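Here is what each chain is made of, one letter per residue.
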Amino acid sequence: MLPAEPKIFYGRELELAYILSPFRQGSPRIAILGTGGMGKTSLAGAVLHHKEITTKYQGNRFFVTCDTASSKVELANLIGAHLGMKPGKDLTQAVLQHFSDGPPTFLILDNLETVWEPAESRKEVEEFLSLLTDITSLALMITMRGAERPSKVQWTRPFLLPLEPLSQEAAHKMFVDIAGDGHSMEEMDQVLGLTDNMPLSINLLAHMVDAEGCTAILLRWQEGQTSVISEGCDRRSNLELSILLSLASPRIASTPHSQELLSLLSILPDGLSDAELKQSKFTIQDILECKRALLRTALAYTDDHKRLKALVPIREYMRKKFPPTDHMIRPLLKHFQELLQVYRADGGKQSGALCIERLTSNYTNILNVIQNGLRPGHPDLADSIYCTTDFSRFSELRGRGAIPLMDEVILLLPHSGDHHMKAYFMTELFNSRKSRSISHPETIIAETFEQFNNFNDPNLKCVFTLPVYR
């Protein structure tokens, strides 16, 4: 039985046209790739039910969901069942013969990664695919999580690129058609911002907004993040399950530390450049191999600036289920702290310009990394406060104002016995007093001078004293 035609189809018109073109010239071999929730199955369904395809292949169209197959034999038997064959021990040859002797046929193998990814079955699955594509009258299409195609197949060129999120226009239209337009535009934009324009996320959240309204969904998201849109029972209606299946991929298992890298990316919305991956001295082993594993499974992507990133729903899932440890975050805190120290000492020179570029491209990353350490008793509390102080100064000088974390530091100072750090922070606080109000300045001045009694740093004391008495 063929799946139903997608009732609503958005934002993949170019991909659809791209796929249909080679059908007019013969029997193509096409792979639809992308991360979970990106709409691979919906696109395949749209192709399957397109008028040109139904006219050309009529009743010889087969859509085989491969989730239950774990070997080449099971895959062949699954295809045989769709062809109406009697069950057998191994239907491989019978399936190949059926397609060879039959009329032009269109076969879709959906979620093929389930049987292709395990190393023990990959070779024989690829050989089976190769035999299928040797049949000139058979058009083959597969959908797979990730960004790599099975080898041993002459895929139709040029390749269809892995699916990306929908355009903002298509995402908005999809949302409104499902949820209606009787909602606050601002709140609708906030809800869409949670989806990163992933079709599955949009579909799930839009239906919930239709039933409960934007305000209720935004409140629930703050409490439960991706669990809000994970109430379905299969990967097509459950985002968390879809992500979990990708994490369980043998490609991820073969580089186990890639999950650690994805956990780290969950708090880094600005992503990471290759230079930062190399220079931050992460404890993650084979970090560039881990990057490749995440790209191959489409759990991460590289943006136009070649920065490694994860989509919002994936980041939220990882933060909830597999948050990065302090041990993983610490090297990045040290790296940002060193950049800020270089900027403070050399801001007007060439190296300072490079620091400005790197700090600017990591602005939100730095805020998240700092905030992780701003907790009473945290082993990185002092370094986090130093970093907060320097980054707030950077932010002000770049015209973005002091960062809100400065207020959190004031509350945390009593929890630290680091006298130099306290005086350092107070010095910056007074230097920035033109852009922020300071409560009880006399008390703070007295406490700061008291800190200076515990260490010797005449330069810092001078920097503090000048604005106090100016």
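For the structure itself, consult the block above.
Bear in mind the structure is a predicted one, so any value in this text is a computation, not a measurement.

### Digging into the nonpolar core
Note on soluble globular proteins: their nonpolar side chains tend to be buried together. Counting residues in each nonpolar core, the largest one holds 92 residues, and the members touching the most others are Ile19, Phe23, Val47, Phe106, Met141, Leu262 and Phe391. Looking at which element gives the most residues to this core, the answer is helix H18 (residues 326–346), with 8 residues. Other than its neighbours up to four places away in sequence, phenylalanine 106 contacts Phe23, Val47, Leu48, Ile53, Tyr57, Asn60, Arg61, Phe62, Ala139 and Met141. In this structure, Val95, Leu96, Phe99 and Leu140 belong to the second largest nonpolar core, which totals 31 residues.

### Quick notes on the side chain of arginine 251
As for its position among the elements, arginine 251 is in helix H13 (residues 250–253). By relative accessible area, which is 1% here, arginine 251 ends up buried. A distance of 3.1 Å separates a polar side-chain atom of arginine 251 from the backbone oxygen of arginine 296.

### Let's talk about the packing of helix H8 (residues 168–179) against helix H9 (residues 185–193)
Between H8 and H9, the least distance of the axes is 11 Å, while the angle of their chain directions is 110°. Considered as vectors, H8 and H9 are oriented roughly perpendicular to each other. For the pair H8 and H9, the sense of crossing is right-handed. Taking contact as the criterion, the partners of Gln168, Ala171, His172, Phe175 and Val176 in H8 are, on H9, Met185, Met188, Val191 and Leu192.

### Re unusual backbone geometry
Here the amide bond leading from arginine 157 into proline 158 is cis, since omega sits at -5°, within 30 degrees of zero. Locating proline 158 in the fold gives a position in the loop between strand E4 (138–145) and H8. Within the chain, lysine 281 stands out as a residue other than glycine whose phi angle is a positive 55°. Relative to the helices and strands, lysine 281 is located in the loop between helix H15 (274–279) and helix H16 (287–296). With relative accessibility at 67%, the residue lysine 281 sits in the exposed group. Positive phi, normally seen in glycine, also occurs at aspartate 286, with a value near 50°. Residue placement: aspartate 286 occurs in the loop between H15 and H16. According to the relative accessible area criterion, aspartate 286 is exposed, its value standing at 57%.

### A look at the packing of aromatic side chains
Per the counting criterion, the structure on display carries 10 aromatic pairs. Here tyrosine 386 and tyrosine 424 contribute two aromatic rings whose centre-to-centre distance is 5.2 Å and whose plane-to-plane angle is 65°, an arrangement assigned as edge-to-face. In this pair, tyrosine 386 sits in helix H21 (residues 381–397) while tyrosine 424 sits in helix H23 (residues 419–431), placing the two residues 38 residues apart along the sequence. Of the residues examined, tyrosine 386 reaches a relative accessible area of 16% and is grouped as buried. Members of the aromatic cluster, connected to one another through ring pairs, are Tyr343, Tyr363, Phe391 and Phe394. One cation-aromatic arrangement involves arginine 122 over tryptophan 116; the distance from NZ or CZ to the ring centre is 4.1 Å. When the ring centre of tyrosine 363 is taken as origin, the NZ or CZ atom of arginine 400, which lies over that ring, is 3.5 Å away.

### As for helix H4 (residues 72–82)
Those residues of H4 lying buried are Lys72, Leu75, Ala76, Asn77, Leu78, Ile79 and Gly80. Considering only its buried residues, H4 is in contact with strand E2 (61–65), helix H5 (92–101), strand E3 (105–110), helix H6 (113–116) and helix H7 (119–133). Looking one or two residues beyond H4, the residue adopting positive phi is glycine 84, at roughly 85°.

### Observations concerning the state of the cysteines
Using the criterion set out here, one finds 0 disulfides in the structure. Cysteine 387 supplies the cysteine sulfur nearest to cysteine 355, a cysteine that is in no disulfide, at a spacing of 12 Å. Owing to a relative accessible area of 4%, cysteine 355 belongs among the buried residues under this scheme.

### Observations concerning the sheet that holds E4
Spatially, 4 strands are ordered E1-E4-E3-E2 in an open sheet, and the strand pairing comes out parallel. Both edges of this open sheet fall to strand E1 (29–34) and E2, since each of them pairs with a single strand only. When strand polarity is set aside, the average angle formed by the axes of neighbouring strands in this sheet is 15°. As paired elements, E2 and E3 share 5 bridges and run parallel to each other. Within the sheet, the bridge partner assigned to phenylalanine 62 lies in E3 and is leucine 107. Sheet strands touched by H4: E2 and E3. Its angle to E2, the strand with the most contacts, is close to 135°.

What counts, and where the lines are drawn
- Residues numbered from 1 in each chain as written.
- Predicted model: local features only at pLDDT ≥ 70, side-chain atom pairs only at ≥ 80, totals over all residues.
- Heavy atoms only, no water.
- Core = buried A, V, L, I, M, F, W, Y, C linked by side-chain atoms within 4.5 Å.
- Buried < 20%, exposed > 50% of the residue type's maximum accessible area, 1.4 Å probe, protein only.
- Helix = DSSP H or I, 4+ residues; strand = E, 2+ residues; numbered from the N terminus.
- Contact = heavy atoms within 4.5 Å.
- Polar contact = N/O pair within 3.5 Å; in protein donor to acceptor, adjacent residues only side chain to side chain.
- Axes fitted to C-alpha atoms, helices over the stretch in contact; angles between N-to-C directions.
- Parallel < 35°, antiparallel > 145°, perpendicular 65-115°, else oblique.
- Left-handed = near helix turned anticlockwise from the far one by under 90°.
- Phe/Tyr/Trp six-rings, centres within 6.5 Å; stacked < 30°, edge-to-face > 60°.
- Lys NZ or Arg CZ within 6 Å of the ring centre and 35° of its normal.
- Disulfide = S-S within 2.5 Å.
- Pairing = 2+ DSSP bridges.

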